[in-house]
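# Remarks on the overall topology
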Amino acid sequence: MLSDPEGGNVAAVVEVRRLYRPNTLVWQGGTVPQASGRSQSVTVDGLPVGSYRLRIAGRDRAGHVGPSVTCDFSVIEARLAAPTITPVAGYPGLYPDGGYVSTPGLPGAFRLSDGGADAVEYQYSWGDDTFGQSVPASDPVAFYTPQTSGPHTLMVRAVAADGATSTTTTHSFSVGNGRTRYVFDDLVSPTLPTGGGPGMTVSPTVTWVPGPLAEIGAYEEDRALRFDEPDDRAQTSEAPLTDVDSFAVTATLRAAADAPVEASAVTLDGATGGASLGYRACADGVGSCWSFETTGPDATLVLTARKVVTGRWIHVFGLYDADDGVAEVLSCTVDDVTPRPGAQAAVGTVSVEGATALVGSGVAGRWHGDVADVTFAPGRPTSGDMTRACSGIIS
């Protein structure tokens, strides 16, 4: 801060000289005049390695120069390098830079290295540059469990014993909400889910047709898969859900006019159990009703009271609540956006760990008709989730 006893504007006069060669001027500059009492600054850069004396004085508008202050400093070769951040394999969560993980809550670890021989520790923080956490350079592993979906950023710097720090390395990745959703709209990569999760392999005989939103002119790019050949199917080689207890399987479906009495549209097929969404013969023996069933040691079947009407779109929810031990099925249309409950049934443990996804077939037989989108999600959808799903289809 520079001040003028007379209250006028004052500028800084700055010079840098070699410390051991006092007459060798290596840099000179200053600032524009500013109000008395204000802080001022200049940037001195490009100095080679060596020791220097910085001298600063104030000069008023009349050209009078006041007393100066000095500061000695040294420019040394960089001793610390920007750290390297490497995700550690073997933990439930693996988080590469720029990567995507489908669900929160998976513990992971990061090895911090390459800060240089003088590094004694690595300081780091998540989402800001406070660097409030640290690990010793002798054991430089940072552990982290993302608890929320969205972007996560790790910032790391190396620190020497005298407090010197390196430049910062940033490592970012994204975490999904655990859902894997297939909308089948992208004709370039039509089998890839929105967000994370495994892609689907679709048999060559499956065709793409306009989806429900395209049919009403709301979204021309909306597409659906049509299953009308014996070998039609779409499937994943990996599980769309991992590390879940409760879960939901939902789909927008339209049964064809020649549909059989029973069929499975979407299935989770695992070695120890699974679940299937489709329709079965109604409990009253008249027609077919939308269904959700679990498979494995604790198999069960629940049906909607809503009967299947061929040629009309409907959204069906199959829910498994591990805490209450209940399987449930609901359905809705755009004209009836409050999901209409079908039935609940008590069921024991249902495990879909490692279960792959199959569209077009399942325990009730081959599907005849169209599938516009499919979602696999941990937990139970909120009422808002279900209303939005219902609002996006036609009846």
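See the structure shown above.
An account of the accompanying structure is given in this report. (Residues numbered from 1 in each chain as written. Predicted model: local features only at pLDDT ≥ 70, side-chain atom pairs only at ≥ 80, totals over all residues. Heavy atoms only, no water.)

### Comments concerning the overall build of the chain
Quick note on the threshold: The secondary structure listing takes helices from DSSP runs of H or I that are at least 4 residues long and strands from runs of E that are at least 2 residues long, numbered from the N terminus. Based on C-alpha atoms, the radius of gyration is set beside the globule rule, defined as 2.2 Å times the residue count to the power 0.38. For every residue, the accessible area (1.4 Å probe, protein chains only) is compared with the maximum for its type, and the residue is labelled buried under 20%, exposed over 50%, or partly exposed between those bounds. Every residue pair with non-hydrogen atoms within 4.5 Å of one another is taken to be in contact. Computed with the Shrake-Rupley method and a 1.4 Å probe, the accessible areas treat only the protein chains shown as cover for residues. His is not counted, nor are the chain ends; Lys and Arg add positive charge and Asp and Glu add negative charge. Every charge is mapped to an atom, namely NZ of Lys, CZ of Arg, CG of Asp or CD of Glu.
Helix and strand counts for the chain stand at 2 helices and 27 strands. Since a compact globule built from 395 residues should have a radius of gyration of about 21 Å, the 33 Å found for the chain marks it as more spread out than a globular shape. In terms of principal-axis extent, the alpha carbons of the chain reach across some 105 × 50 × 40 Å. Looking at the 395 residues of the chain, the share that counts as buried comes to 44%. Contacts spanning at least 24 positions in sequence make up 62% of the contacts within the chain whose residues lie at least 6 apart. Surface exposure of the chain reaches about 19,100 Å², of which carbon and sulfur atoms provide 50%. When the 25 positive and 44 negative side-chain charges of the chain are each reduced to one mean point, those points stand 9 Å apart.

### Observations concerning the sheet that holds strand β2 (residues 25-30)
Just so we agree on the cut-off: Two strands pair if DSSP finds at least two bridges between them. Axes here refer to lines fitted to C-alpha atoms; in helices the fit is confined to the stretch in contact. Angles between the N-to-C directions go from 0 to 180 degrees.
Strands sit in the order β2-β1-β3-β4 across an open sheet of 4 strands; the sheet is antiparallel. Both outer strands of the open sheet, β2 and β4 (65-75), are each paired with one neighbouring strand and no more. Ignoring which end each strand starts from, the neighbouring axes of this sheet average 15 degrees apart. Where strand β3 (residues 50-60) and β4 come together, 9 bridges link them in antiparallel fashion.

### Here's the deal with the pattern of salt bridges
Note the cut-off: For this document, the term salt bridge refers to a Lys or Arg side-chain nitrogen within 4 Å of an Asp or Glu carboxyl oxygen.
One pass over the structure, following the stated rule, counts 15 salt bridges. Between Arg 17 and Glu 15 there is a salt bridge, with the nearest N and O atoms lying 3.0 Å from each other. By relative accessible area, Arg 17 is classed as partly exposed at 24%. On the basis of relative accessible area, Glu 15 is assigned to the buried category, the value being 16%. Across the pair Asp 336 and Arg 306 runs a salt bridge, and its minimum N-O distance is 3.3 Å. With Asp 336 in strand β25 (residues 336-346) and Arg 306 in strand β22 (residues 300-307), this pair connects stretches of sequence that are 30 residues apart. Assessed through its relative accessible area of 21%, Asp 336 is described here as partly exposed. Linked through salt bridges whose partners overlap, the residues forming this network are Glu 215, Arg 226, Arg 254 and Asp 370.

### Side note on the environment of Gly 392
For Gly 392, the location among the structural elements is in the segment after α2 (383-391). Separated by 55 residues in the primary sequence, Gly 392 and Val 337 have C-alpha atoms spaced 9.3 Å apart.

### Re the packing of aromatic side chains
Threshold: Pairing of aromatic rings covers Phe, Tyr and Trp, the last through its six-membered ring, and needs centres within 6.5 Å; plane angles under 30 degrees mean stacked, over 60 mean edge-to-face, and all others mean tilted. Sitting over a ring, as applied to charges here, requires NZ of Lys or CZ of Arg to be within 6 Å of the ring centre and within 35 degrees of the ring normal.
A full pass over the atoms with the stated rule returns 14 aromatic pairs. Ring geometry for Trp 126 versus Phe 173: centroids 6.2 Å apart, planes at 75 degrees, classification edge-to-face. Placement of Trp 126 in strand β8 (residues 119-126) and of Phe 173 in strand β12 (residues 169-175) is noted, with a sequence separation of 47 residues between them. Exposure class is identical for Trp 126 and Phe 173. Each is buried. A network of ring pairs unites the aromatic residues Tyr 95, Phe 110, Trp 126, Tyr 144 and Phe 173 as a single cluster. A cation sits over an aromatic face here: Arg 157 above Phe 131, 4.1 Å from the ring centre.

### A short note on the state of the cysteines
Heads up, the rule is: The disulfide definition used here is simple: a pair of cysteine sulfur atoms within 2.5 Å.
Summed over all chains, the structure comprises 2 disulfides. Paired through a disulfide, Cys 282 and Cys 289 show a sulfur-sulfur distance of 2.0 Å. The chirality of the disulfide connecting Cys 282 with Cys 289 is right-handed, given an S-S dihedral of about 105 degrees. Here Cys 332 is linked by a disulfide to Cys 390, with a sulfur-sulfur distance of 1.8 Å. Sign of the S-S torsion, about -90 degrees for the bond between Cys 332 and Cys 390, identifies this disulfide as left-handed. Taken as a pair, Cys 332 in strand β24 (residues 326-333) and Cys 390 in helix α2 lie far apart in primary sequence, 58 residues in all. Residues Cys 332 and Cys 390 agree in their burial class; the two are buried. Once the bonded cysteines of the chain are numbered in order along the sequence, the disulfide links fall as 1-2, 3-4.

### Notes on the side chain of Ser 331
Using the following cut-off: Under this definition, polar contacts are N or O atom pairs within 3.5 Å; protein pairs additionally need one hydrogen-donor-capable and one acceptor-capable atom, and for neighbouring residues in sequence, both atoms have to be side-chain atoms.
As for its position among the elements, Ser 331 is in strand β24. A distance of 2.8 Å separates a polar atom in the side chain of Ser 331 from a polar atom in the side chain of Arg 306. Non-local contacts of Ser 331, meaning those with residues more than four positions away in its chain, are made with Thr 304, Arg 306, Ile 314, His 315, Val 316, Thr 338, Pro 339 and Arg 340.

### Thoughts on the pairing of β3
Bridge count for strand β1 (residues 10-18) against β3 is 9 bridges, and the pairing is antiparallel. Note that in β3 the partner of Val 16 across the bridge is Leu 54. The turn joining β3 and β4, which pair antiparallel and follow one another in sequence, is formed by 4 residues; a positive phi near 90 degrees is taken by Gly 63.

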